[in-house]
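What follows is each chain in one-letter form.
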Amino acid sequence: MGWFNERHASQVQRINTLENEYRIRAYDGLKQQWQEVRVSAHGSSTGFTHLIEKTGDIAASSRPIKSAEKKELSVQAPISTAEFEQVVAIDGLAIIVHPSNPLKKISLAQLKAIFSGEITHWEDIQAGVGAIHLYARDEHSGTWDSFNSMILNNRPLAAAQRFESNSALALAVSQDAGAIGFVGMGAIGENKTLALYEGQAQALPPNPLTVATEDYLLSRRLFMYSVSTKPAVKEFLHFVQSPAGQKIVAESGYISQQITAVTPRIDPLLPNPFKNLTQNAQRLTLNFRFIEGKVELDNKGNRDLQRLVAYLQQHPQMHLLLLGFADPKSSDENSKLLSKLRTRLVYSKLMRLGVHHAEVVGLGDEVLIAAAEELAGKIKNRRVEVWVRP
């Protein structure tokens with residue numbers, strides 16, 4: 001609807017058809033004709049099915065495309081390249097409990113044990129008494145796919161109530177003192193969220209900074225995939241990435257990709273070099289991350305370069321600080337070297353875009369945000385943080 005309004009369309013109307021399906025219809029003043037968009041929201045997998053079968057133009061997904069889907073779509077286009085795969089928002093997979101639950105934080109290991117049925121009572125984790133009631137999304141949901149891959153690692157889910165929508169799940173949790181479930185950040189409602197931790201890393205709650213930077217352990221990217229060559233589709237995707245489109249993202253309860261500066265709480269237990277560097281500094285709401293196995297920015301990172309340049313042009317008094325981090329290597333020297341290489345890569349790309357003043361520091365594995373034994377944790381720890389000082 002926002003796109004139609006941007007085009008100065010009139011008589012914009014939403015027409016509900018079936019459950020989780022609707023049409024948006026408007027009179028397009030530019031083309032002097034009626035335009036219609038059909039929306040079907042039945043989970044990420046159905047979006048890719050429509051792309052493969054050529055019955056849809058855009059697949060909105062709360063998970064990256066799977067290998068099998070990529071293989072089927074590769075005959076139409078190189079689907080994993082920046083032109084066809086676009087990150088349009090960041091979401092946090094919030095772990096929610098009833099507001100009366102005394103628990104404040106939970107480890108990934110505990111979550112796995114709870115949802116696989118190994119832990120069945122709250123007293124087993126010193127969080128009250130009574131049986132734990134599980135609430136989960138259904139099999140067609142990208143939210144379920146994300147939770148399944150990040151927490152259960154495809155282990156069987158214990159007996160749980162299943163829901164087609166985040167909002168229905170959140171409402172059910174709010175009415176059950178023994179409940180625990182997972183939803184996107186836009187659907188938390190009146191429930192309590194739990195901070196998450198892994199290994200010896202600090203527990204982080206889902207909030208606009210931790211989710212936008214993807215430091216939060218269950219942060220996830222929201223994608224739009226398209227292989228369409230229709231001008232209207234390309235125009236719509238451009239609108240989604242624009243400030244006007246990202247404003248709608250934020251109003252919908254997700255984390256937009258518009259950059260803001262935040263003064264974070266610095267844990268006093270963090271290493272002194274990090275605390276000294278970030279003293280009197282603000283952190284920007286983005287991290288640069290890399291293609292697995294390469295010192296090369298991913299699709300989102302390359303788009304974020306443009307956003308960062310625009311931010312710095314709007315705030316010319318700010319001094320840029322780039323802090324690189326790595327997962328543990330065979331030696332501290334190797335970790336610091338790799339973190340500095342990644343940071344210098346980001347700076348070199350910024351220099352080509354006109355940014356010529358920045359402090360560049362590689363801190364190796366000094367500040368881990370996830371356990372480093374598994375690949376997912378290693379990927380989380382490999383990052384370049386962006387800070388600014390007046």
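A. The pairing of strand 17 (residues 383-389), seen in detail. Most of strand 17 sits inside the fold, with 7 of its 7 residues counted as buried. Residues of strand 17 alternate between two faces, with Arg-383, Glu-385, Trp-387 and Arg-389 on one and Val-384, Val-386 and Val-388 on the opposite face, all of them buried. As paired elements, strand 14 (residues 282-288) and strand 17 share 4 bridges and run antiparallel to each other. Across the sheet, residue Asn-287 finds its bridge partner in strand 17, namely Glu-385. With 7 bridges connecting them, strand 15 (residues 319-325) and strand 17 associate as antiparallel partners. Bridging across to strand 17, His-319 finds its partner in Arg-389.

B. Focus on a nonpolar patch on the surface. Taken together, the side chains of Val-295, Leu-337 and Leu-341 make up a nonpolar region of the molecular surface, amounting to roughly 260 Å² of accessible area. Residue position: Leu-337 is located in helix 12 (residues 332-352). Taking the relative accessible area as the measure of exposure, Leu-337 reaches 52% and is therefore exposed.

C. Structural context of helix 2 (residues 44-53). The complete set of buried residues in helix 2 reads Ser-44, Gly-47, Phe-48 and Leu-51. On an axial view of helix 2, the arc spanned by its buried residues comes to 95°, and they lie on one face. Tucked into the core, helix 2 has its buried residues touching strand 4 (59-61), helix 3 (67-73), helix 5 (142-152) and strand 12 (219-225). Count one or two residues on from helix 2 and you reach Lys-54, which has phi positive near 60°.

D. Broad picture of the environment of Thr-263. Relative to the helices and strands, Thr-263 is located in the loop between strand 13 (261-262) and helix 10 (272-278). For the pair Thr-263 and His-50, spaced 213 residues apart in sequence, the C-alpha separation works out to 43 Å. At 3.2 Å, the side chain of Thr-263 and the side chain of Gln-282 are in polar contact.

Scoring rules and cut-offs
- Residues numbered from 1 in each chain as written.
- Predicted model: local features only at pLDDT ≥ 70, side-chain atom pairs only at ≥ 80, totals over all residues.
- Heavy atoms only, no water.
- Buried < 20%, exposed > 50% of the residue type's maximum accessible area, 1.4 Å probe, protein only.
- Helix = DSSP H or I, 4+ residues; strand = E, 2+ residues; numbered from the N terminus.
- Pairing = 2+ DSSP bridges.
- Patch = residues over 30% accessible without salt bridge, like charges linked within 9 Å, V, L, I, M, F, W, Y side chains within 5 Å.
- Areas by Shrake-Rupley, 256 points an atom, 1.4 Å probe, with all protein chains shown as cover.
- Salt bridge = Lys/Arg side-chain N within 4 Å of Asp/Glu carboxyl O.
- Arc of directions from axis to C-beta.
- Contact = heavy atoms within 4.5 Å.
- Polar contact = N/O pair within 3.5 Å; in protein donor to acceptor, adjacent residues only side chain to side chain.

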